[in-house]
Each structure stands twice: as structure tokens, then as C-alpha cells.
Amino acid sequence: MMPQPTGKPILATIRGYFVGCSYAFLWYGSILLGFYFLYAPLLPLLFINRRLYRLGTDMLYSSWEAFNVSLLQVVYGVKLVLTGDDLQHNEHALIVLNHPTRTDWNFLWQGLFHAGPNHNAKIILKEQLRKIPGMGWVMAMSRFLYLKRTWSSDASILDCMLDYFSIIRNEGGKQLVLFPEGTNITTISKGRSDAYAAKNNKPVYEYVLHPRTTGFVHLSRGMMDRNLLDAVYDVTIAYPGSKPLTEATLISGDIPEQVNLHFVRHPVSSLPSTYIGMEKWLEERWRDKELALNSFYTKNTNFPALSHSQLHPRPITVLQPLCLAGCSLFLAWSLQLLFTSWFALTWVVLVTLVMVGLENWAGGIQEMEIRLEHEALAVRTPSVPQEVEEDFEHLKHE
């Protein structure tokens, strides 16, 4: 018998790349054009009214998130099955989830959008993503957290951002998103996780990596100490069909047909009060995740649902088609402007030079925002006169 071809038919491959490239174009194009024509005009507010700057950047980011979620659901047919707890409104929270693929954060947005439409999530990302034109700058302006993968530097970055969020706490709750595994599952990362398990007498996992507890404990304790933690959300993500392992997978058109997300809320009152207790707590959550994912993939068992309706894909909301229409009009307008206006091209070049300068030689746009806020705070908060400090020290020693 003649051997049967194992690859996809050529037409299916072409169609897949057409679908994947169209999504990539709309995804990245909307970010890039949104940065130049919506985000960049807000930059002067850094020096005039930072509260208004933060409100504007948060609103723009929420609008883009709604566009991306609507694009996935309405246009590309990605179903979302969301089970468990909803995000509480205006809550300071830490969200932790497993990391099976490089693209999990893109599909997490679906869960955040439907679990808490008014959320203000800030994802903790690798520093390398900050260098991507448009996307990296938008996330920096939206106060996402970038880590360098060196703990001495990362601890300072986390503390600096937490101090800043504490200063602006009256502007509403923030939800920080952390991937405690530190990286997605690959042959190399799984090998390291298995070696760690063998060395420390821990179970070998198939569906998750052993979490790195140092960053989680430092972050959660830092949020507690600043009264910025109302709850920790333990989130589990799974793909019952196609799994988007990398960005290249998405570009080839292998977009998942369905994403399952399970949210479990743990109020701060239920969490351990010690560092060791928090380490053990996280390890127990990951042990539970492994069992739940094993059952999900091998026995086709759903995540626990609070109601029967949660087992069905989330319906499209009334505003999602309107969001798609509005963002599509903006994309068409901005593209037309780029191709017909020298002023628009000059603006893009100028803004690019400004951002490259700020990011590479001025410490970064996010760092400038924090520095300006601290300077303004120092002006608003008069220092204690020296003689008063000396009297106070004298009384302390007495």
C-alpha cells in the first residue's frame, strides 16, 4: 500500500495561515495604531494631570481588551467556558494561574472580561516584551510590571510598583496577574521541574510545573503589608482542543476552539500569615491544579461549576459587536490617515523617537511616571522640621 500523507492538505494550510495572519494583523495592528493615535497624545498629561493620564490609559486599555475578546469570540469563534467565582468589583487582588503555553495571557483576557467587566488587571511580564514597539510601550503606560529575571532587581521593581499602587489606591483596586511557574511548559522547563521535584522529594507533575514560591510570597506579603490585598484568585486554564503553544502556532491558524478557565477566590482572611505558610499554600494549590487538569484531560471532567449555566460557553454580550464596530472604524480611519497624510507619518516618527529615547536613555516612561508622582507627593507633604525631629528623638530616649 502507498503511504498516506500525514501533513495537512495544502489548501487547509493556506487557509490556516490566512486565518492566523489576519488575527495577528488585527491584534498587533490595533495595538500599534492605538498607541500612536490614542495613547501617545496622552503623554503631556504626565506633566499636567497624572490622575487623568492614568484614567485615560486605563480606559484605552480596557477598550482594547474588549476588542480583542470580541475578536476572538465573534470573529474567530473561540468559545469560553468560565467556571467558579466572579471577580469582585474594585477589589485589590492577586491572580495566579498555570502557564501551559506562551499565549495563555492572551486568552486569560477572555476570562477577566467576563468574570469582572470592570477589572483593572496588571500582568507581570518579562522585561523583553517591553522592547516590542507599540505593545511594550502601551503596557508600560498602563502600569504593567516588567521583571528582569534577576531576583535582586525584581524584588526592587515589585516593591517600587507596590509603593506606587499604594499611593494611588484611592483611584480603585488593582488586580496583579502572576504566573508562579515563571515560564510556560516546554521539554526543557518540564525537565527542570522534574529534576527539582526529584531533588526535593516532591511529586512529578504532568500538566503543570512546580511553582517558584519566592516571587509569589514576596508579592503577596508586600500587598498585605500595604493593605493592597483583599483576595487571591487561583485560576486554572485548559484547552480541550487545539492548544496555542506559541505565537507561531496562532499565526499558522491553530487558534483554540475553546478555552476553559476556572476561578477560585481565596479571601485574605483565609490565607496563612507566615512566609512558610504562604509557600505551602501555593504548593498545595498547584497540587490541586495537577489533579484537576489530569481529570480534565484524561477523564473529560469539567472544572467544578457553581451553576449548570457555567458549563456552557459564555454568550456574547450586547456591547461586544458595538465594540468591534467602533474599533474597526478606528483601524480603518488610522490606516487611511497613515497612507494619505504626511503629518500622520511625521507624528509616528516623532513619537517613536521620543519613546525610544525615554525607554533607553531616560529610565523608561513608567519610571518617569512614578518619579514625577513621588516628587509631587514630596511637595504636598511638608518635611518635619529638624528641631522637631531632634526633640522627638530626645523624648524617645527618655
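From a predicted model like this one, the values you see are computed outputs, not experimental measurements. (Residues numbered from 1 in each chain as written. Predicted model: local features only at pLDDT ≥ 70, side-chain atom pairs only at ≥ 80, totals over all residues. Heavy atoms only, no water.)

## A word on the confidence of the model for the chain
Thinking step 1. Averaged over the chain, the pLDDT score is 93; the fraction of residues at 70 or greater is 94%.
Thinking step 2. In the model, residues 1-6 has pLDDT below 50 throughout and makes zero contacts with residues more than four positions away in sequence or in other chains.
Thinking step 3. Here residues 388-398 is a poorly scored stretch, pLDDT under 50, and it has one contact once near neighbours within four places are set aside; other chains count. (pLDDT = per-residue confidence, 0-100. Contact = heavy atoms within 4.5 Å.)

## Quick look at helix 10 (residues 275-298)
Thinking step 1. In this model, helix 10 (24 residues) spans 35 Å end to end at C-alpha, consistent with the 34 Å of a helix rising 1.5 Å per residue.
Thinking step 2. All of the buried residues along helix 10 are Gly277, Met278, Trp281, Leu282, Glu283, Arg285, Trp286, Lys289, Glu290, Leu293, Ser295 and Phe296.
Thinking step 3. Elements that come into contact with the buried residues of helix 10 comprise strand 2 (93-97), helix 7 (187-199), helix 8 (213-225), strand 6 (231-238) and strand 7 (258-267).
Thinking step 4. Looking at the residues trailing helix 10, positive phi occurs at Asn300, about 60°. (Helix = DSSP H or I, 4+ residues; strand = E, 2+ residues; numbered from the N terminus. Expected span 1.5 Å × (residues − 1). Buried < 20%, exposed > 50% of the residue type's maximum accessible area, 1.4 Å probe, protein only.)

## Quick notes on the sheet that holds strand 7
Sheet strands pair by backbone hydrogen bonding; their relative direction is either parallel or antiparallel.
Thinking step 1. Spatial strand order, 1-7-6-2-5-3-4: seven strands in an open sheet with mixed pairing. Whereas interior strands pair on both sides, the edge strands pair on one side only; in this sheet they are strand 1 (79-84) and strand 4 (145-147). With strand direction ignored, the average angle separating the axes of adjacent strands in the sheet is 25°.
Thinking step 2. Examined bridge by bridge, strand 2 and strand 5 (residues 175-178) share four bridges and lie parallel to one another. Looking across to strand 5, one finds that Leu94 is bridged to Leu176.
Thinking step 3. Most of the contacts of helix 10 go to strand 6, to which it runs at about 30°, and overall it touches strand 2, strand 6 and strand 7. (Pairing = 2+ DSSP bridges. Axes fitted to C-alpha atoms, helices over the stretch in contact; angles between N-to-C directions.)

## Let's talk about a nonpolar patch on the surface
Thinking step 1. Residues Ile10, Leu11 and Ile14 make up a contiguous nonpolar surface patch of roughly 350 Å² in combined accessible area.
Thinking step 2. Judged by its relative accessible area of 60%, Ile10 falls in the exposed class. (Patch = residues over 30% accessible without salt bridge, like charges linked within 9 Å, V, L, I, M, F, W, Y side chains within 5 Å. Areas by Shrake-Rupley, 256 points an atom, 1.4 Å probe, with all protein chains shown as cover. Salt bridge = Lys/Arg side-chain N within 4 Å of Asp/Glu carboxyl O.)

## Focus on the nonpolar core
Thinking step 1. By size, the foremost hydrophobic cluster in this structure holds 73 residues, and its most contacted members are Phe35, Trp109, Leu261, Phe263 and Ile365.
Thinking step 2. The dominant element in this core, judged by the number of residues it contributes, is helix 1 (residues 10-39), at nine residues.
Thinking step 3. When neighbours within four sequence positions are excluded, Phe263 is seen to be in contact with Leu82, Thr83, Gly84, Asp85, Leu87, Gly111, Leu112, Ala115, Tyr233, Asp234 and Val235.
Thinking step 4. Residues Ile124, Met278, Trp286 and Leu293 belong to the second largest nonpolar core, which totals 34 residues. (Core = buried A, V, L, I, M, F, W, Y, C linked by side-chain atoms within 4.5 Å.)

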